[in-house]
Amino acid sequence: MRQLPRFLRLLGLSWAALAVGCGDGRTPLVVYSPHGRDLLVTIERAFEAEHPDLDLRFLDMGSQEVLDRVRSERANPQADVWYGGPSTLFVRASSEGLLAAFEPTWTAAVPAAARDPQRRWSALYRTPTLLVYNRDALTAEQAPTDWEDLLDPRFEGQVLIRDPLASGTMRTIFGALISRAVDADGGPEAGFDWLRRLDAQTKEYVHSPALLHEKMIRQEGLVTVWEATDILGMIARGAPLAYRFPTSGAPVIEDSIAVVAGARHREAAESFVEWIGLPEALLLAAEEAFRIPAREDLPPAAMPSWVGEVMAELRPESVDWDRLEREGAGWMATWDRTVRGRGGR
């Protein structure tokens, strides 16, 4: 019996150890992912059961941190697969030559807009964003129902936000809100003004999703914004949290996957990317970690009932993803320079 999940043990290993072969003769397969323990351990066990010659090794970090790390390792890649994160980050990585061309069989069932025409990445899951509140502290009637409600005076000092500079999820949410302003006014200024007002409400920009969740449970903050999969999983485990999809629309992240350019174990990497998008693996991810498949050819009856319930409640935001990819990094730099910590001034 394993003492700790492998992706946690990796945190104490050197990069040299990641690159060498396994003592038991299996081929190591190094995967960078923001997906967290619940999904990663489930996927590790299932994949290794079907591929006993491969040793799946996860390193868990935020999706923006994955991009930064893959970029810094360009000359000597340590990862074989990048598993998870908004498609906008994968587009940027592709433009920098960080991803390899590979087209698994299942991508034909993914909408063309959710995959790279040059076959360097594809969406794997659809991840809605939402408003989250502590249900022990707020009733459903008191909870925010739309983005604008976060600015209500009753939530002053009660908003917790995951640090967007390290989080692809928060970059997507903030970028989508700024993009709304561009659609309405032709420029991003009103979006930054809105985020400045949100900053005035914000108690803390939290370093990691795990810490964000802990602080919400302990009522160190009463409301936040995040993505559906983590929150649904926490609610299923008994956390005193509840959620609302914003009534004006919620960005839905095209959560993607790719083989890293120059991967040391290219054949093993392709095997994993092919396997993870098969119906059996997608159903496993839906049942165990609340992931919604990006494939459109899976019968609804094959999915858990919660998938249909979520999709019935969700009002997807119409987002100009090309604009977000093109402008998003600059917007976040401007936010960090002119908004963070300045909303109350």
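Residues numbered from 1 in each chain as written. Predicted model: local features only at pLDDT ≥ 70, side-chain atom pairs only at ≥ 80, totals over all residues. Heavy atoms only, no water.

Ranked by size, the top nonpolar core spans 91 residues in total, and within it Ile43, Tyr83 and Phe272 carry the most contacts. In this structure Phe272 touches Leu29, Ile43, Phe47, Leu56, Phe58, Val81, Tyr83 and Ile257, once residues within four positions along its chain are discounted. By size, the runner-up hydrophobic cluster in this structure holds 17 residues, among which are Ala79, Trp82, Phe90 and Val260. (Core = buried A, V, L, I, M, F, W, Y, C linked by side-chain atoms within 4.5 Å. Buried < 20%, exposed > 50% of the residue type's maximum accessible area, 1.4 Å probe, protein only. Contact = heavy atoms within 4.5 Å.)

Remember that side chains alternate between the two faces of the sheet whenever the strand is regular. Side chains Val159 and Ile161 project from strand E6 (residues 159-162) onto one buried face, and the interleaved Leu160 and Arg162 project onto a second face that is buried too. Two elements, E6 and strand E8 (residues 223-227), share two bridges in a ladder whose sense is parallel. Of the residues in E8, the one forming a bridge with Leu160 is Thr224. (Helix = DSSP H or I, 4+ residues; strand = E, 2+ residues; numbered from the N terminus. Pairing = 2+ DSSP bridges.)

Moving on, we get to the packing of aromatic side chains. Per the counting criterion, the structure on display carries twelve aromatic pairs. Ring geometry for Phe47 against Trp275: centres 5.3 Å apart, planes inclined by 70°, an arrangement best described as edge-to-face. Within this pair, whereas Phe47 is found in helix H3 (residues 36-50), its partner Trp275 is found in helix H10 (residues 266-276), the two being separated by 228 residues in sequence. With relative accessibility at 0%, the residue Phe47 sits in the buried group. Taking relative accessible area as the criterion, Trp275 reaches 7% and is therefore assigned buried. Relative to Phe245, the ring of Tyr243 has its centre 5.5 Å away and its plane inclined at 70°; by these criteria the two rings are edge-to-face. Chaining the aromatic ring pairs together yields one cluster made of Phe47, Phe58, Tyr83, Tyr125, Phe272 and Trp275. (Phe/Tyr/Trp six-rings, centres within 6.5 Å; stacked < 30°, edge-to-face > 60°.)

With respect to burial, helix H5 (residues 87-95) is a largely interior element, seven of its nine residues being buried. Of the positions making up H5, those classed as buried are Ser87, Thr88, Leu89, Phe90, Arg92, Ala93 and Ser94. The secondary structure elements touched by the buried residues of H5 are helix H4 (63-72), strand E3 (81-86), strand E4 (99-100), helix H6 (168-185), strand E10 (252-260) and helix H13 (321-338). Gly97 lies just past H5 and shows a positive phi near 75°.

What the rule picks out here adds up to 24 salt bridges. The residue Arg180 makes a salt bridge to Glu317 at a minimum N-O spacing of 2.8 Å. Of this pair, Arg180 sits in helix H6 while Glu317 sits in the loop between helix H12 (305-313) and H13, placing them 137 residues apart in sequence. Owing to a relative accessible area of 14%, Glu317 belongs among the buried residues under this scheme. Residue Arg295 pairs with Asp297 through a salt bridge whose shortest N-O separation is 2.7 Å. (Salt bridge = Lys/Arg side-chain N within 4 Å of Asp/Glu carboxyl O.)

Put simply, H6 and helix H7 (residues 189-201) touch, their axes get as near as 7 Å, and they point 140° apart. In terms of orientation, H6 lies oblique with respect to H7. Taking contact as the criterion, the partners of Phe174, Leu177, Ile178, Ala181 and Asp185 in H6 are, on H7, Ala190, Gly191, Phe192, Trp194, Leu195 and Leu198. Tallied by class, residues from the contact of H6 with H7 come to nine nonpolar, one polar and one charged. (Axes fitted to C-alpha atoms, helices over the stretch in contact; angles between N-to-C directions. Parallel < 35°, antiparallel > 145°, perpendicular 65-115°, else oblique. Nonpolar A, V, L, I, M, F, W, Y, C, P; charged D, E, K, R; others polar.)

All right, on to the pairing of strand E2 (residues 54-60) then. Judged by how many residues are buried, E2 sits mostly within the fold: six of seven residues are covered. Looking at chain direction, strand E1 (residues 27-33) and E2 are connected through seven bridges and run parallel. The residue bridging Pro28 from the neighbouring strand is Asp55, located in E2.

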